[in-house]
Amino acid sequence: MEILPIDSDPDRVAVLLRSGVPRTDAEAFLKPEQLDDVDIERYLSPAASC
């Protein structure tokens, strides 16, 4: 599943993911059993920006 538009600025995406904000928001609004462990490096790798 694609969660970010392909034309997203990779630098901005990296800052957002590294900030932890998406995880913090998820923890605030989801039940613990709805949370998944996500390897953000997968989305930060050079291959991910292709």
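Data block above holds the structure.
Now for a quick tour of the structure. Every chain begins its residue count from 1, and numbering advances along the sequence as written. This being a predicted model, a pLDDT of at least 70 is required before a residue's local features are given, and a value of 80 or more before pairs of side-chain atoms are given or counted; all residues contribute to the totals for chains, interfaces and linings. Each side-chain value is worked out from all heavy atoms of the structure, with water and hydrogens disregarded.

**With respect to the pattern of salt bridges**
Moving on, step 1. Each reported salt bridge corresponds to a side-chain nitrogen of Lys or Arg within 4 Å of a carboxyl oxygen of Asp or Glu. Enumeration according to the criterion identifies 2 salt bridges in this entry.
Moving on, step 2. Measuring nitrogen to oxygen at the nearest pair gives 3.9 Å for the salt bridge that ties Arg12 to Asp9.
Moving on, step 3. Here Arg23 ties to Glu27 by a salt bridge, and the two come within 3.0 Å at their closest N and O atoms. Here Arg23 pairs with Glu27, and both are found in helix α2 (residues 21–29), just 4 residues apart, close to one helical turn.
Moving on, step 4. Only protein chains enter the area calculation, which uses a 1.4 Å probe; residues under 20% of their type maximum are buried, those over 50% are exposed, and those in between are partly exposed. With relative accessibility at 47%, the residue Glu27 sits in the partly exposed group. Working definition: helices are DSSP H or I runs of at least four residues, strands are E runs of at least two. Numbering for both runs from the N terminus.

**With respect to helix α1 (residues 10–19)**
Moving on, step 1. Residues of α1 that are buried include every one of Val13, Ala14 and Leu17, and no others. Down the axis of α1, the buried set is contained in an arc of 100°. They therefore lie on one face. Structural note: α1 exposes Asp11, Arg12 and Val15 on the side pointing more than 90 degrees away from its buried face.
Moving on, step 2. Where the residues of α1 are buried, they touch α2 and α3 (41–44).
Moving on, step 3. Counting of polar contacts relies on pairs of N or O atoms within 3.5 Å, with two restrictions inside protein: one atom must be capable of donating a hydrogen and the other of accepting it, and residues adjacent in sequence are counted only when both atoms are side-chain atoms. Structurally, the start of α1 carries an N-cap: the backbone nitrogen of Asp11 is 3.0 Å from a side-chain oxygen of Asp9.
Moving on, step 4. Positive phi shows up at Gly20, right after α1, with a value of about 85°. Each C-beta atom gives one direction from the helix axis, and the arc is the one those directions make. For this analysis, residues touch if any pair of their heavy atoms sits within 4.5 Å.

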